[in-house]
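Each chain, letter by letter, is given below.
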Amino acid sequence: MAYSVTINGETREIDAPGDMPLLWALRNELSMVGTKFGCGIGMCGACTVHVDGQATRSCSLPLSAVGDKQVSTIESLGETPVGQALQQAWLDEDVMQCGYCQAGQLMNATALLNNNPNPSDGEIEAAMQGNICRCACYKRIHSAIAKVARDEETANA
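Rules used in this analysis
- Residues numbered from 1 in each chain as written.
- Predicted model: local features only at pLDDT ≥ 70, side-chain atom pairs only at ≥ 80, totals over all residues.
- Heavy atoms only, no water.
- Helix = DSSP H or I, 4+ residues; strand = E, 2+ residues; numbered from the N terminus.
- Rg over C-alpha atoms; globule rule 2.2 N^0.38 Å.
- Buried < 20%, exposed > 50% of the residue type's maximum accessible area, 1.4 Å probe, protein only.
- Contact = heavy atoms within 4.5 Å.
- Lys, Arg positive; Asp, Glu negative; His and termini not counted.
- Charge placed at Lys NZ, Arg CZ, Asp CG, Glu CD.
- Pairing = 2+ DSSP bridges.
- Axes fitted to C-alpha atoms, helices over the stretch in contact; angles between N-to-C directions.
- Salt bridge = Lys/Arg side-chain N within 4 Å of Asp/Glu carboxyl O.
- Core = buried A, V, L, I, M, F, W, Y, C linked by side-chain atoms within 4.5 Å.

S.K.: Quick one: what's the story with the overall build of the protein, residue by residue and with numbers?
M.R.: Each helix and strand in the protein was counted, giving six helices and five strands. From first element to last, N terminus to C terminus, the protein shows the α and β order β-β-α-β-β-β-α-α-α-α-α. The C-alpha atoms of the protein give a radius of gyration of 15 Å, which matches the 15 Å a tight globule of 157 residues would have. Counting over 157 residues, the protein shows a buried share of 46%. In the protein, of all internal contacts separated by at least 6 residues, the share reaching a separation of at least 24 is 56%. Considering the protein, the positive charge centre built from 10 side chains and the negative charge centre built from 18 side chains are found 9 Å apart.

S.K.: Give me the lowdown on the sheet that holds strand E3 (residues 48-51), citing residues and values where you can.
M.R.: Strand pairing in a sheet relies on backbone hydrogen bonds. The paired strands run either parallel or antiparallel. Taken in spatial order, the five strands make up an open sheet running E2-E1-E5-E3-E4, and their pairing is mixed. In this open sheet, the two strands that pair with only one neighbour each are strand E2 (10-15) and strand E4 (54-57). Neighbour to neighbour, the strand axes of the sheet diverge by 45° on average, direction disregarded. Inspection of the sheet shows E3 paired to E4 by four bridges, in the antiparallel sense. By the bridge assignment for E4, Thr 48 is matched with Arg 57. Contacts between helix H3 (residues 102-115) and the sheet are confined to E3, E4 and strand E5 (70-72), with E3 contributing the most and set at about 35° to the helix.

S.K.: Quick rundown of the pattern of salt bridges? Include the residues and the values.
M.R.: The full count for this structure, using the stated rule, is two salt bridges. The partner of Glu 10 in a salt bridge is Arg 12, with the nearest N and O atoms 3.9 Å apart. Using a relative accessible area of 46% as the deciding quantity, one classes Glu 10 as partly exposed. With relative accessibility at 24%, the residue Arg 12 sits in the partly exposed group.

S.K.: Quick one: what's the story with the nonpolar core, residue by residue and with numbers?
M.R.: Nonpolar side chains in soluble globular proteins generally cluster together in the buried interior. Grouped together as the largest cluster of nonpolar side chains are 25 residues, with contacts concentrated most on Leu 86, Trp 90, Leu 113, Ile 141 and Ile 145. Sorting the residues of this core by element identifies helix H2 (81-92), H3, helix H4 (121-128) and helix H5 (138-150) as the ones contributing at least two each. Residues within four places of Trp 90 in sequence aside, it is in contact with Val 95, Met 96, Gln 102, Gln 105, Leu 106, Ala 109, Ile 141, Ala 144 and Ile 145. Counting residues in hydrophobic clusters, the runner-up holds 17 residues, among them Val 5, Leu 22, Ala 25 and Leu 61.

Structural data, given as structure tokens:
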């Protein structure tokens, strides 16, 4: 069956079974490989995308459930002020090691700051708790998010 899905502001046609996870539709059908496969059960966060602005695990979201919702992926992150600020903070704080989880980390952090521009340390920890980093870069991830949250210009974007 063909599904019409809005991804990064562009309507795309995907001819795939409705039970195909959005992750595989993005990667295999649309060749959008920035979103990563981690665990396949929505527990690690590597596959995080935004669905109507909310951080969502794409490995456990069937294509048929997307409907007319807006999907944003890591490929469009740099088009927003918060996304740009987080990308720069990731570089400034030297967050990445292997980098495999970073797309999901950045997407989750962006959703957090879009919904709560000035989170406390506890709110950052709670929001990011479901994203696993096998290189254990959690302190640098936290520092990068806190840095962007402290930046008034970004917080008011």
